[in-house]
Each structure stands twice: as C-alpha cells, then as structure tokens.
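Listed below are the residues making up each chain.
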Amino acid sequence: MPNFVAPEVKKFVTWDYIVFAALFLVSASIGVFFAVKERKKKTSKEFLVGGRQMTCGPIAFSLTSSFMSAVTVLGTPSEVYRYGASFVLFFLSYTLVIIFTSELFLPVFYRSGITSTYEYLELRFNKIVRLAATLIYILQTILYTGIVVYAPSLALNQVTGFDLWGSVAATGIVCTFYCTLGGLKAVVWTDAFQMVVMVAGFVAVLIQGTSLNGGATKVWEDAHEGSRLNIFDFDVDPLRRHTFWTIVIGGTFTWLGLYGVNQSTIQRCISCKSERHAKLALYLNLLGLWTVLVCAVFCGLVMYSHYKSCDPWTAAFISAPDQLMPYFVMDIFSSMPGVPGLFVACAFSGTLSTVAASINALATVTFEDLVKKGFPNISEKMSTWISKGLCVLYGVLCTSMAAAASLLGGVVQASLSIHGMCGGPMLGLFTLGIVFPCANWKGALGGLLAGISLAFWAGTGSFIYPAPPTKSIPLQLSTLNCTLANSTEALLTAAPTLAPERPLLADTWYSLSYLYFSAIGCVGCAITGLLISFITGPSKGEDIPPVLIKPVCDLFCFWSKRLKIFLWCGVQHDSLEMDFEKKLPEAAANKTRTDNTFKNNTNKENNHQIHGYNSEENSYTNISRESRL
C-alpha cells in the first residue's frame, strides 16, 4: 500500500480547553445546587427517583441525552460515511419503540408503584426471577458504560491530543460527583443541559462543513454519486449487516430492550408526577431522538463530501473509523479556536449523561433489589448514605471497565450488540410477565436462561468469527487526491496465506446481523418460557393482580366481550374497571370516608379519590407501592 502525507491538523488550544472545561464545571455545579437546595430531603426515594414529582420536559431531555451518547456522536456519522445513510431508518425503529414503551410497558410499571423495574418480577413471579434479572442488568450496564467512557476518550486522544486516561478519569469523577451529591434530579437537569450542548455541537459542524463543501445541494449530489443515499434495501437476508428489515425489525427489538424494560429509562418515567407526564416525556423524547439521528446522519454525508477523494482512514491518517468525526472537526475548525472544544464537549455530553444515568440506575437497582432484601429494617438516613455509597462504587467500576472496552471493535456495533445480547432476553422476560398471564416463575426463569444462552451464543460467535466481507463490506472510498509521500521503500508482496478454518456455523448462525441478537434472545425467552409454563402447569389468572397484566387482546377483540374475557385467562380486569367506575363518584360524593386500603382504592391525602387517579388530568399520579399496602 502506498504511503500518503497526512495534512497538518491542529491540536487543542487554550480556548478549546476552556470551552471543554466549562461543560464539566456546569455539570458538577448542578449536582452541588441540588445537594444544597434539597439537603433537608434525605429519604432514599427522594434521592433515587426525585420524589416522584418531575415534569415531562426535563425527563424528555434527559432520556434523549442518556441514550444518544458519544456512541451516537462519534459512531453514527462514521457508519453513514462508510456504509451509507440507511442508518436513518432507525427513525422507524424509534417510533415503534416509543409507542410500545408508552402504551404497553409504562402503564404497568407506573401503576405498580415500583422503584426498580425488577420489583415487578417479584410481584409477578418470585424473588429468584427478580435476582437473576437484576444481576444480568448490572453486568449489561457496566459493560456498556465501559464502552461509552472509553470510545470517545480514545478517539479524541489520538486526533486532538487530549489525554486518554485523563479524560476517562475526568468523566468518571464528574459523573460520580454529581450523581452522589444530587441524586436523580441532578442527573435529569444535567442531562437536559448536556442535550443542548450536544445539538449545538452537531449544528456547528453541519453549518461549517456544508459551507466549506459548496452548500447543501453539492453535499447531496456528492452523497448520491457515492451511493450513500441508497437507503431502502429490502433484501430479506438476515446475514446482511444493514437492510430495511434488519434496522426496522432488529433495531426495534434492540431499542425496546433498551427503552421498554430498562431500569434507566423506567426510573425516569416513574419519577414523573403523573402517568400522563410520563407518556408525554416519552413522546417528546421521540422528537429528540429524531433530531439527533438526523443531525448525525447529515454529519456523515457532509463528512463524505469533504473526504470523497481522500479518505483519511484508507490513507492511514487515522487508525480507526471512530476517529473520523473528531478528525473532521479538527480539520474544518482549524482556524476557529474554541469551536473544536465545543464539539468535544458535545461528544462528552453524551458520555456524561449516559454514565450518570447508568450509575444512578445501578445504585437504585442494587439498593432496591439487594440491600433492602438483606436489610429490610434499615433507617431512611442510612438508606440515603448507602445509596450515595453505591453511586461511588459503580462510578469506580464503570470507569475501570473502560480499560476492557478496547477489545470490542466499532463503538456502534459493540454497544448495540451488548444491549441485544442482554436486553433481548430481558425484554422477553418482561413480555412473558406483562402479556401472558399463563406464564409461571419456572417458565420465566427457564425462558430467561434460554434467551441469554441463544443471544450470547450468536453474539460471541460473531465476535470470534466475523461475518464474510460480502455481508458487511463498506461502500467504496477513494484516496485519489491524497498526497503521496516521497518514499524509496520497495513495495513488498506478501506471500499468499491460507484462509483460517471456519466452523460450519460461521457463515450462517454466527454471521447474523448484530441487530438480530435482541430478537433472538427475546423470542427464545418467550417461546421457551411458555413451553415450560404449560408443561409445569400454567399460572391461574385469578391469582394475579390485574395491575400486573396488560390485556393487549382488548385491541384485537374489541368487538367481542366474551372473547376478550376468554383471552384474559382468568385475570379479573373487568372487576378492576367496575371497581374504579363505582368508587370514583362514590368517593367524590362522600368526602368524609377515610378508608385508605388498596382494595377500596381511596386515600385520605388526595381527597378520597381513586388511589393514584387524578381526575383533572384523567391520569394516574405517582404513588409508592408501600402506601397502597
């Protein structure tokens, strides 16, 4: 391969460091603000779920910022640059995910009054299922967070000269600091600020990149000529890396495992003051997901237009595709001190928000599912201190895990693969509980183990034996206009080598698109769980509280009451509806009643309305499970 002369790309200057440092300073200050403002509110509930009084706006910003991490900022433009704009089809996946989350999963979690999503599994099945799911979630989140911390640090280190382990340590320290001091409220409001910074960084890159490359029309023409706009590929081959079906179907399963049943998402939603606010937060968050996705895709197209005749990766100016975006930024903003710092702040905004969300969610799950189970009579003061201690512990663990992330390849594929392998079986487990009343705890546990085994089998196999190049080959890149080095070195012809031996499954099962790992785990878990449940004796619907089941059959059997009741499998949904209908006017007419039991659905503190029901918003307000028992 010929040697090329890399153009001079400037490193960080003083103004860049000032802009970047400002991001960390503001983020830490928000943690201090909430620690001082709410120092008298020392309950663990206030710390972990913000007192359940958040509104939809900041929660929507927080959700978008948390899941549009540095993986999106750095990885998505690189994917578009190399493989084309088919990544934009994720807007369909995001839409389906938000609809399923807000209409299927959220109502069940919200009305259950839980703090950890895994509390639901104990209410629906038993403690063993809850513990197994909790441990898998902890493993998944620590692995993913390691990628989120390490990937941007490495990319920025090699391109901007920014110190690798300095940025890793700074990320871990700042996130742990404001999580520990301010709890969920600090995380949410910091995420909202970081979301603004992320979009500002993208917009700056789009404006400057488009103007340098002849305007939006010229960028679009270059993308079309380079085959970057071939978006709709309806090939049904599941081995193809990205097609319409892999992105829409596989992407929906992957992101549903991430959104619909993930503690980090649900914890924010149940911190809202009503179910209506929680649903609004999810739908507003969808607008944010679309915005960031479109910005990232167009950044990839602008980057291709800029480097269409001298690809810095093929020419070896950079050592990994994930460095393309920071290299591009340092290139186009070389004469504008401070702006590269804004983009680095943009990338690290995604990192900070994701790491903070992970630390807070891990602390919540560990406290609710492990600590409280072992020490049920612990005081509120001690609970708060333990919660803060867990934030510190997980901050150290997640930062340390960054060292192992270098072995996992491209950041987008690595992160979504982890979510698929762990999140898919978890999605199948919660689907068993919420949709299928017949599922019992043996089926749930067996299904979870089967789903995890299938997903990890496919995932680890694909890592060891990557798919054939014909299934994932990037689009053509050129070095035609790169400057050749004056080298007298002779080109050496490598001796032909035999291709390594591949097992029988390497070109089939192990070559499945990484986006299908979640679908494999989910479907495997659900089918195995139902089979085991029927073999061992299905659960009786009469024994399951209706609030734990979502009667999805009502959507398809609205024309037949008898068929609906048959498909409820014995769950008394009609009695719950009748109970609400009867007692709401009764409670309003008889304001002197003081019966605060869950059975009668009344509460002295909310003027004896149905417990958790807000008649003004026609929605459920947030309550703790303990207050209903």
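**Student:** How should I be thinking about the overall build of the protein chain in this particular structure?
**Tutor:** Each helix and strand counted, the protein chain has 22 helices and two strands in total. A separation threshold of at least 6 residues defines the contact pool for the protein chain, and within that pool the share at least 24 residues apart is 85%. A total of about 26500 Å² of accessible surface is found on the protein chain, and carbon and sulfur atoms cover 66% of it.

**Student:** Help me out: how do you make sense of the pattern of salt bridges in this one?
**Tutor:** A side chain of one charge can pair with a side chain of the opposite charge when the charged atoms of the two come close. A complete count under the given rule lists 10 salt bridges for this structure. For Glu275, the salt bridge is made with Arg111, and the minimal N-O distance between the two is 2.9 Å. Of this pair, Glu275 sits in helix 12 (residues 275–307) while Arg111 sits in helix 5 (residues 90–112), and the two are 164 residues apart along the sequence. Take Glu275: its relative accessible area is 4%, and that puts it in the buried class. With its nearest N and O atoms 3.0 Å apart, the salt bridge here joins Arg240 to Asp235. For Arg240, a relative accessible area of 23% puts it in the partly exposed group. Here Asp235 falls in the partly exposed class, since its relative accessible area comes to 30%. Here the salt bridges do not stand alone but share partners, grouping Glu103, Arg111, Glu275 and Lys279 into one network.

**Student:** Can you walk me through helix 6 (residues 117–124) in this structure?
**Tutor:** Note on helix geometry: an α-helix contains 3.6 residues per turn, so any two residues three or four positions apart are oriented the same way. Taking burial as the measure, the eight residues of helix 6 include seven buried ones, the bulk of the element. Residues of helix 6 that are buried include every one of Thr117, Tyr118, Glu119, Tyr120, Leu121, Glu122 and Arg124, and no others.

**Student:** Looking at this structure, I do not really get a nonpolar patch on the surface. What am I missing?
**Tutor:** There is a patch of nonpolar side chains on the surface, built from Phe232, Phe234, Val236, Trp245 and Ile249 and spanning about 520 Å² of accessible area. Within the element layout of this structure, Val236 appears in the loop between helix 9 (216–225) and helix 10 (244–259).

**Student:** How should the environment of Tyr394 be read in this particular structure?
**Tutor:** On the secondary structure map, Tyr394 appears in helix 15 (residues 380–401). Judged by relative accessible area, which is 7%, Tyr394 ranks as buried. Considered as a pair, Tyr394 and Leu362 are 32 residues apart in the sequence and their alpha carbons are 7.1 Å apart. In this structure Tyr394 touches Ile138, Ile142, Ile359, Leu362, Ala363 and Thr366, once residues within four positions along its chain are discounted.

**Student:** Explanation requested: the confidence of the model for the protein chain in the structure shown.
**Tutor:** Caution applies to low-pLDDT regions: their predicted coordinates should not be interpreted in detail. Scored by pLDDT, the protein chain has a mean of 78; 77% of the residues are at 70 or more. Here residues 487–496 is a poorly scored stretch, pLDDT under 50, and it has three contacts once near neighbours within four places are set aside; other chains count. Here residues 623–629 scores under 50 on pLDDT; set against residues more than four positions off or in separate chains, the count is 20 contacts.

**Student:** Mind showing me how you'd approach unusual backbone geometry here?
**Tutor:** What is expected of a backbone is that most residues other than glycine have negative phi and most peptide bonds are trans. With a phi angle near 65 degrees, Ser227 is a residue other than glycine that sits in the positive phi range. According to the relative accessible area criterion, Ser227 is partly exposed, its value standing at 32%. Phi at Ala316 is positive, roughly 65 degrees, even though this residue is not glycine. With respect to the secondary-structure elements, Ala316 resides in the loop between helix 12 and helix 13 (324–332). Ala316 sits in the exposed class, given a relative accessible area of 55%.

**Student:** What am I meant to see in the packing of helix 17 (residues 441–464) against helix 19 (residues 517–536) here?
**Tutor:** For any two helices packed against each other, one specifies the crossing angle of their axes together with the interaxial distance. Interaxial distance between helix 17 and helix 19 falls to 7 Å at its minimum, and their mutual angle equals 150 degrees. In terms of orientation, helix 17 and helix 19 fall into the roughly antiparallel class. Relative to helix 19, the crossing made by helix 17 is right-handed. For the pair helix 17 and helix 19, the contacting residues are Lys442, Gly443, Gly446, Gly447, Leu448, Ala450, Gly451, Leu454, Ala455, Ala458, Gly459 and Ser462 in the first and Phe517, Ile520, Gly521, Gly524, Cys525, Thr528, Gly529, Ile532, Ser533 and Thr536 in the second. Grouping the amino acids of the contact of helix 17 with helix 19 by side-chain chemistry returns nine nonpolar, 12 polar and one charged.

Rules used throughout
- Residues numbered from 1 in each chain as written.
- Predicted model: local features only at pLDDT ≥ 70, side-chain atom pairs only at ≥ 80, totals over all residues.
- Heavy atoms only, no water.
- Helix = DSSP H or I, 4+ residues; strand = E, 2+ residues; numbered from the N terminus.
- Contact = heavy atoms within 4.5 Å.
- Areas by Shrake-Rupley, 256 points an atom, 1.4 Å probe, with all protein chains shown as cover.
- Salt bridge = Lys/Arg side-chain N within 4 Å of Asp/Glu carboxyl O.
- Buried < 20%, exposed > 50% of the residue type's maximum accessible area, 1.4 Å probe, protein only.
- Patch = residues over 30% accessible without salt bridge, like charges linked within 9 Å, V, L, I, M, F, W, Y side chains within 5 Å.
- pLDDT = per-residue confidence, 0-100.
- Axes fitted to C-alpha atoms, helices over the stretch in contact; angles between N-to-C directions.
- Parallel < 35°, antiparallel > 145°, perpendicular 65-115°, else oblique.
- Left-handed = near helix turned anticlockwise from the far one by under 90°.
- Nonpolar A, V, L, I, M, F, W, Y, C, P; charged D, E, K, R; others polar.

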